[in-house]
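# An overview of the molecular structure
Chain by chain, the residues:
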Amino acid sequence: MHARRIPVVFTLSVAVSLIALAACAPVRSVVAASEGMAGRLAPAPPERRVLDGVEGVCTATSINWIVPVTDGVVLVDAGFDESGAVLQRALHGRRVLAVLLTHAHPDHRAAAHLFSAPVYLGEDDVPLLEGRYHYRAVLAGLGAAIGIAPRPRTVIPVKDGDVLSIGGRTFTAVALPGHTPGSTGWLTGELLFSGDAILSPNGDGIYPAPDSVTEDMRLAYDSMRKLERLPVTTLLDAHFGKLHDPKRFLRAAIARSDNEETLYDHPAPRPVGCGEP
């Protein structure tokens, strides 16, 4: 059962909006394909997508996580490809019981509309999902300019601490604002799906996403401090993959955030993201 009653928002998009979104779909497909090419040229190690009990699926540099549960699977993020072709192949006909979005950027939610399952999303990211948000981050704003993917049929906004019980497994929403206003990690057991809120590009540190795609870098680092009190032993981010014992890097990350000269640092060189085969 859920820890509290969560309101359901049903999709009631007007016809004009749907036509406008469809017109941008070919452009979004080209952008997704170019991202995929970049990932193949500078990929994160594929072994970082391997973890017992969880399946990592790469779509255009973004990692989507499949969590098998009783009577189906839970999908964490839904990639950059609106057709969902790669995801559908990876699902092997299994029923998707829920889609848990870490945030509403287009490279993490594009195929969510394909599933009849409810889509859970941090409540402050609903405006992003609906194209009603004005970005501060430059590249994120350019991404929004190509339009948004079709809205899922059923979207359920969540708040920090909301608990879902799906197929015999519990998932707790952890608000991690900064990258986007409603960025949300999903905690199950000692595993945290962190989206782009906490990334480990090279496996030797933790960072927010770069400032060109992050709305508020200081807030992103403040959110990262939540690792101190969470029972997390393994982090699964949405571009590079798994990181064991992420807390060992937290002190260095906080020190970086306290210095204006290092606040916006990001490791270089680094992979672009996961690389599709």
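Use the structure listed above.
Read on for a plain summary of the structure. (Residues numbered from 1 in each chain as written. Predicted model: local features only at pLDDT ≥ 70, side-chain atom pairs only at ≥ 80, totals over all residues. Heavy atoms only, no water.)

Further remarks concern helix H7 (residues 250-257). Residues Leu250, Ala253, Ile254, Arg256 and Ser257 constitute the buried set of H7. End-on, the buried residues of H7 take up no more than an arc of 155°, which puts them together on one face. (Buried < 20%, exposed > 50% of the residue type's maximum accessible area, 1.4 Å probe, protein only. Helix = DSSP H or I, 4+ residues; strand = E, 2+ residues; numbered from the N terminus. Arc of directions from axis to C-beta.)

What follows is about the environment of Arg256. With respect to the element layout, Arg256 can be found in helix H7. Arg256 gets classed as buried once you look at its relative accessible area, which sits at 13%. Arg256 sits 49 residues away from Tyr207 along the chain, and the two C-alpha atoms are 9.4 Å apart. Polar side-chain contacts of Arg256 include one of 3.2 Å to the backbone oxygen of Ile206. (Polar contact = N/O pair within 3.5 Å; in protein donor to acceptor, adjacent residues only side chain to side chain.)

On to unusual backbone geometry. Positive phi, close to 70°, is recorded for Asp71, a residue that is not glycine. Of note, Asp71 is situated in the loop between strand E5 (62-69) and strand E6 (72-76). Not every positive phi belongs to a glycine, and His92 is a case in point at roughly 50°. Here His92 falls in the exposed class, since its relative accessible area comes to 67%.

Attention shifts here to the side chain of Lys226. Note on placement: Lys226 falls in the loop between helix H6 (217-224) and strand E14 (234-237). Using a relative accessible area of 17% as the deciding quantity, one classes Lys226 as buried. Apart from the residues within four sequence positions on either side, Lys226 is in contact with Asp160, Val174, Ala175 and Leu176. (Contact = heavy atoms within 4.5 Å.)

Moving on, we come to the pairing of strand E9 (residues 154-158). For E9, the buried fraction is high: five of the five residues fall into the buried class. The alternating pattern of E9 places Thr154, Ile156 and Val158 on one face and Val155 and Pro157 on the opposite face, and all of these are buried. Of the pairings in the sheet, the one linking strand E8 (residues 119-122) to E9 comprises four bridges and is parallel in character. Note that in E9 the partner of Tyr120 across the bridge is Ile156. (Pairing = 2+ DSSP bridges.)

The subject of this paragraph is the pattern of salt bridges. For the structure shown, the criterion picks out eight salt bridges. Note that Glu260 is salt-bridged to Arg218, the shortest N-O span being 2.4 Å. Of the two residues, Glu260 sits in the loop between H7 and strand E16 (273-274) while Arg218 sits in helix H6, which places them 42 residues apart along the sequence. One continuous salt-bridge network, built from bridges that share partners, spans Glu130, Arg132 and Arg151. (Salt bridge = Lys/Arg side-chain N within 4 Å of Asp/Glu carboxyl O.)

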